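Each chain is listed here by its residues.
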Amino acid sequence: MAKRTDTQSPAPHAADSHDLIRVHGARENNLKDVSIEIPKRRLTVFTGVSGSGKSSLVFNTIAAESQRLINETYSSFVQGFMPTLARPEVDVLDGLTTVITVDQQRMGADPRSTVGTATDANAMLRILFSRLGKPHIGPPSAYSFNTATVRASGGITVERGDAKTRTVKATYNRTGGMCTRCEGRGKVSDIDLTQLYDDSKSIAEGAFTIPGWKSDNVWTVGIYAESGFLDPNKPIRRFTKKEMQDFLYREPTKVKVNGVNLTYEGLIPKIQKSFLSKDKEAMQPHIRAFVERAVTFTTCPECDGTRLSEGARTSKIKRISIADACAMEIRDLAEWVRGLKEPSVAPLLAALQRTLDSFVEIGLGYLSLDRPAGSLSGGEAQRVKMIRHLGSSLTDVTYVFDEPTIGLHPHDIQRMNDLLLRLRDKGNTVLVVEHKPEAIAIADHVVDLGPGAGTAGGTVCFEGTVEGLRAGDTITGRHLDDRAALKETVRTPSGALEIRGATANNLRDVDVDIPLGALVVITGVAGSGKSSLVHGSLPHQSGAAGEAVVSVDQTPIRGSRRSNPATYTGLLDPIRKAFAKANGVKPALFSANSEGACPTCNGAGVIYTDLAMMAGVATPCEDCEGKRFQAEVLEYRFGGRDISEVLAMSVTEAEEFFGGGEAATPAAHKILDRLADVGLGYLTLGQPLTTLSGGERQRLKLATHMGDKGGVYVLDEPTTGLHLADVEQLLGLLDRLVDSGKSVIVIEHHQAVMAHADWIIDLGPGAGHDGGKVVFEGTPAKLVADRSTLTGEHLAAYVGA
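Residues numbered from 1 in each chain as written. Predicted model: local features only at pLDDT ≥ 70, side-chain atom pairs only at ≥ 80, totals over all residues. Heavy atoms only, no water.

Q: Help me understand the overall build of the chain, please; the structure alone is not making it clear to me.
A: Along its length, the chain carries 28 helices and 28 strands. Scaling as 2.2 N^0.38, a compact globule of 801 residues should have a C-alpha radius of gyration of about 28 Å, and the chain matches this with 30 Å. Each principal axis of the C-alpha atoms in the chain carries an extent, and together these give about 110 × 80 × 75 Å. Put simply, the chain has 801 residues, and 49% of those count as buried. Put simply, of all contacts in the chain between residues at least 6 apart along the chain, 66% involve residues at least 24 apart. For the chain, the computed accessible surface area is about 37700 Å², with 50% contributed by carbon and sulfur atoms. Averaging the coordinates of the 89 positive side-chain charges in the chain and doing the same for the 97 negative ones gives two points 7 Å apart. (Helix = DSSP H or I, 4+ residues; strand = E, 2+ residues; numbered from the N terminus. Rg over C-alpha atoms; globule rule 2.2 N^0.38 Å. Buried < 20%, exposed > 50% of the residue type's maximum accessible area, 1.4 Å probe, protein only. Contact = heavy atoms within 4.5 Å. Areas by Shrake-Rupley, 256 points an atom, 1.4 Å probe, with all protein chains shown as cover. Lys, Arg positive; Asp, Glu negative; His and termini not counted. Charge placed at Lys NZ, Arg CZ, Asp CG, Glu CD.)

Q: Help me understand helix H20 (residues 572-583), please; the structure alone is not making it clear to me.
A: Since one α-helical turn is 3.6 residues long, residues separated by three or four positions face the same way. If you check H20, its first and last C-alpha atoms are 16 Å apart, about what twelve residues at 1.5 Å a residue would give, namely 16 Å. Count one or two residues on from H20 and you reach Gly584, which has phi positive near 65 degrees. (Expected span 1.5 Å × (residues − 1).)

Q: Got a minute to help me understand the sheet that holds strand S5 (residues 99-102) in this structure?
A: Taken together, six strands build an open sheet; the order of strands is S5-S14-S15-S3-S16-S17 and the sheet is mixed. One side of each edge strand has no neighbouring strand; the edge strands of this open sheet are S5 and strand S17 (459-464). Pairwise comparison of adjacent strand axes, ignoring direction, gives a mean angle of 15 degrees for this sheet. Two strands pair when backbone bridges link them, and strand S16 (residues 445-450) and S17 are joined in this way by five bridges, in the antiparallel orientation. By the bridge assignment for S17, Gly450 is matched with Thr459. The strands touched by helix H14 (residues 410-425) are strand S3 (43-47), strand S14 (398-402) and strand S15 (429-433); relative to S15, the strand with the most contacts, the crossing angle is about 150 degrees. (Pairing = 2+ DSSP bridges. Axes fitted to C-alpha atoms, helices over the stretch in contact; angles between N-to-C directions.)

Q: How do you make sense of the environment of Ser144 when you look at a structure like this?
A: Mapped onto the elements, Ser144 comes out in the loop between helix H4 (121-132) and strand S6 (150-159). Measuring from C-alpha to C-alpha, the distance between Ser144 and Arg307 comes to 8.9 Å, with 163 residues separating the pair along the chain. Once you skip the residues sitting within four places of it in the chain, Ser144 turns out to touch Arg126, Gly176, Gly177, Met178 and Leu308.

Q: Where do I start with the side chain of Thr44 in this structure?
A: Its location among the elements puts Thr44 in strand S3. In this structure Thr44 touches Ile38, Pro39, Val430, Leu431, Val432, His445 and Val447, once residues within four positions along its chain are discounted.

Q: Would you mind showing me how to read the sheet that holds strand S2 (residues 34-39) here?
A: The strands that make up a sheet are held in pairs by hydrogen bonds between backbone atoms, and each pair lies either parallel or antiparallel. Taking strand neighbours across the sheet as the criterion, the three strands line up as S2-S1-S4 in an open arrangement whose pairing is antiparallel. Of all strands in the sheet, those with a lone pairing partner are S2 and strand S4 (92-94), marking the two edges. Shown here is a sheet whose adjacent strand axes are inclined to one another by a mean of 5 degrees, direction ignored. As paired elements, strand S1 (residues 20-26) and S2 share five bridges and run antiparallel to each other. The partner of Val23 across the bridge, within S2, is Ile36.

Q: Is there a simple way to think about the pairing of strand S20 (residues 519-523) in this case?
A: Burial runs high along S20: five of the five residues are buried. Pairing analysis gives four bridges linking S20 to strand S26 (residues 743-747), with the strands arranged parallel. Within S26, the position partnered with Ile522 by the bridge is Ile747. Alignment of S20 against strand S27 (residues 759-764), held across four bridges, turns out to be parallel. Paired with Thr523 across the bridge in S27 is Asp762.

Q: For this particular structure, what's the right way to read the packing of H4 against helix H12 (residues 346-361)?
A: Two packed helices can be described by the angle between their axes and the distance between those axes. The geometry of H4 relative to H12 is characterised by a closest axis approach of 10 Å and an angle of 150 degrees between their N-to-C directions. Classed by the angle they form, the pair H4 and H12 counts as roughly antiparallel. In this structure, H4 meets H12 at a crossing whose hand is left-handed. Across the interface between the two elements, Ala121, Met124, Leu125, Ile127 and Leu128 from H4 touch Leu348, Leu349, Ala351, Leu352 and Thr355 from H12. Here the contact of H4 with H12 is composed, by residue class, of nine nonpolar, one polar and no charged. (Parallel < 35°, antiparallel > 145°, perpendicular 65-115°, else oblique. Left-handed = near helix turned anticlockwise from the far one by under 90°. Nonpolar A, V, L, I, M, F, W, Y, C, P; charged D, E, K, R; others polar.)

Q: It is not clear to me how the pairing of S26 should be interpreted in this structure. Could you clarify?
A: Remember that side chains alternate between the two faces of the sheet whenever the strand is regular. Of all five residues in S26, five are buried; the element is thus mostly enclosed. Residues Ser743, Ile745 and Ile747 point to one face of S26 and Val744 and Val746 to the other, with burial holding for every one of them. The pairing of strand S25 (residues 712-716) with S26 spans five bridges and is parallel. Of the residues in S26, the one forming a bridge with Leu715 is Val746.

Q: Looking at this structure, I do not really get the packing of aromatic side chains. What am I missing?
A: Each pair of aromatic rings is reported with the distance of its centres and the angle of its planes. The full count for this structure, using the stated rule, is 17 aromatic pairs. Each ring, one from Tyr224 and one from Phe247, has its centre 5.9 Å from the other, and the planes form 80 degrees; the classification is edge-to-face. Within this pair, whereas Tyr224 is found in helix H5 (residues 218-226), its partner Phe247 is found in helix H6 (residues 241-249), the two being separated by 23 residues in sequence. Both residues of the pair, Tyr224 and Phe247, belong to the buried class. An aromatic cluster is built from Tyr197, Phe208, Trp213, Tyr224, Phe229, Phe239, Phe247 and Tyr264, whose rings are joined through pairwise contacts. Above the plane of the ring of Phe229 lies Arg250, whose end atom (NZ or CZ) is 3.9 Å from the centre. The positively charged end of Arg307 is found above the aromatic ring belonging to Phe145, 4.9 Å away from the centroid. (Phe/Tyr/Trp six-rings, centres within 6.5 Å; stacked < 30°, edge-to-face > 60°. Lys NZ or Arg CZ within 6 Å of the ring centre and 35° of its normal.)

Q: Help me understand the nonpolar core in this model?
A: Here is a general trend for soluble globular proteins: nonpolar side chains tend to be buried in one another's company. Counting residues in hydrophobic clusters, the biggest one holds 69 residues, and the most contacted among them are Ile575, Ile643, Phe658, Leu685 and Val744. Counting residues per element, this core draws most heavily on helix H25 (residues 724-739), at seven residues. When sequence neighbours within four positions are dropped, the list of residues in contact with Leu685 reads Asn564, Pro565, Ala566, Leu571, Ile575, Val646, Leu647, Met649, Val651, Ala654 and Leu672. Formed by 68 residues, the second largest nonpolar core is a distinct cluster that contains Val45, Ala325, Val466 and Ala767. (Core = buried A, V, L, I, M, F, W, Y, C linked by side-chain atoms within 4.5 Å.)

Q: I tried to follow the packing of helix H11 (residues 330-338) against H12 on my own but got confused; where do I start?
A: The contact between H11 and H12 brings their axes to 9 Å, and the two run at 155 degrees. Regarding the angle of H11 to H12, the classification is roughly antiparallel. Once H11 is placed against H12, the crossing between them reads as left-handed. Contact residues: Ile330, Arg331, Leu333, Ala334, Val337 and Arg338 in H11; Leu349, Leu352, Gln353, Leu356, Asp357, Phe359 and Val360 in H12.

Q: Help me understand a nonpolar patch on the surface in this model?
A: A grouping of Tyr74, Phe77, Val78 and Phe81 is seen on the molecular surface, where their side chains present a nonpolar patch of about 470 Å² in accessible area. Topologically, Phe77 is positioned in helix H2 (residues 76-79). (Patch = residues over 30% accessible without salt bridge, like charges linked within 9 Å, V, L, I, M, F, W, Y side chains within 5 Å. Salt bridge = Lys/Arg side-chain N within 4 Å of Asp/Glu carboxyl O.)

Q: Which parts of the structure should I look at to understand H11?
A: The complete set of buried residues in H11 reads Ile330, Leu333, Ala334, Trp336 and Val337. All buried residues of H11 project into a common sector of 160 degrees when viewed along the axis, lining one side. (Arc of directions from axis to C-beta.)

Q: Quick question: what am I supposed to make of the environment of Arg238 here?
A: Mapping Arg238 onto the fold places it in the loop between H5 and H6. Linking Arg238 and Asp199, residues 39 residues apart in sequence, is a C-alpha distance of 8.4 Å.

Q: Would you explain the state of the cysteines in this entry?
A: As used in these notes, a disulfide is a covalent bond between sulfur atoms, one from each of two cysteines. Using the criterion set out here, one finds zero disulfides in the structure. Its sulfur unpaired, Cys182 is 3.7 Å from the next cysteine sulfur, which belongs to Cys179. (Disulfide = S-S within 2.5 Å.)

Q: Explain the side chain of Lys436 here, please?
A: For Lys436, the location among the structural elements is in the loop between S15 and helix H15 (437-440). Comment: no salt bridge for buried Lys436; closest opposite-charge side chain is Glu434, at 5.7 Å. With sequence-adjacent residues up to four places away left out, Lys436 is seen in contact with Thr405, Leu408, Ile413 and His750.

Rendered as structure tokens:
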């Protein structure tokens, strides 16, 4: 055989030339004809101020189009069962690969959803116990707290081809693992009757203490007073047994009150229907406060909170039941599973072991499988979603992450960085939206959007390396090396909030005094017990005057595309009243959800056309031209503007408009001031809440709560979604809150907030059962000087001490 003598390398294969994702003319949300080229099989970080267009480019354009194209490969029959996606506003999208999105969306807050059910771990455990559990109680469903035991028998009609029918006796059995008392929820609800009425008074004397139940209201108080079942002039505590039964539990019964036919039913079912069946988040503040007082949740006495039937609790493997296994910390459960040697279920044990080890590797070994999914923070939820991708054999996939360092202590960020690099090194494209300098530092390629937020953003300010960004003259580049200095002087507390014997979750009988009248930061690694200490142990009333505690956490804002900053903050009420007063008409005319709505589009501004399995089309309403209001409503003006023009204003414009002159409206100006205070001056008043980023939503909540009367504010990671340049503004806002007489308690990992604190309480030393203790209390300067904890070491490195 002739030997090759040429040393020329072969010409590159045509398939190897597709090494870029090309985006041309992207106009989604606030993007202004953005055109960029993103290298494949590299880690690209997208930076820029909150609202600059990062999510619009990465999630709403690149990821959305990839998903839409994948959906189109299925048959039209299958597409009919899938969510329909519209093509993003973009001219060219070239070189896309399959996108896997790992976002910050909280997991469903359904009480039946746990860490175990949200991953595959619980399903695998159920199969394991159905095969190895002693005594054997049935199939995997017998160990599921979401499956009830069902038994049925009866006759069924069977039709044959010759049109003859006959009845066949059939029985049906299904063994479930659901606790019958709590129906698999682990808790039972009870109504505190003392919050519904004062039993020392009669109904005629105004015994009811339920919001909105006035003595002249025939639908509420009147029906109890005139029903004939009760004596309205007798104090409730003197009711006979029968009267009490009728008063509290009577089935719906037709009665005639003042000649009107009404339905009478017991107080408890009536309250359950009128208050407890509604979304608590959507209630007015005073109604929500009443519901929180009146309804108590206690651990189910039958299953002791495990959610499982007696059979599921008594079936065990090596003296461990499935309830015990789900209650263990995942790192301990992984060790227990590793000790099981049973050849008949070897593949199942291997798969379960891989899943549990992934939890530990990603830093979530402190969780337990029975932890409610809705109680996970945004960062924890995102890392739980990552688990199924860690051991994946797929390559040449595009992974999209939304701030994966959220909720991570500086000590844990390096571990997250290693995971992102590992995904890249397997030949995947990794796109990350991020603000933390430690995460930006590992990027192969950086895309900086801006220069501002909202309409002031939407352009690419920089593309290149991290070194190039640092040297460049963009907001991100200038602030990349920002370091907050320790305070020279700290505030003197005005008192203390005492927590004694706190044992919520992993806390170990913690005693701590939280200073009042100061900026207090609670720190510690993820899972050390910060949220348990603050949310689980803090009394709802505090201080000498018993001020209410106002909590601004990371739970998402509930709202449809009709909700906007003006409706959410209550700003629209004074605006509608001002328009109504100036024009001598009803305020309801100035609501696009009420009488003023355009009848063609019902106040939506657009007409939605459903095209079955194809993406639906939204076209601007031709009658109102997208303004959402009837033409006659737009003829009414206030300060020279109609209501649609006011809703199109930014917060900054509206602040000036309602601040003085003929349009001066103090109530509206006060709310706009608060929105500008939290850095949302660029939002338009009528912008749908569904288009806001995670950071914008939390700051919107903060602005809303700033008007509350509370004396103690609890903030849960307020730097979430904040650009480096905005952190300074947040610190100024926290200072203003404290200086105005409030006490501010912040759960935070950002070193700039720690350095700015008056007092730090550090929990740890580790996570789960390795945490739950207070390892430091004192000023930031003392924490840095001592360097006795992980937080102290990282804060000392941050401030350059």
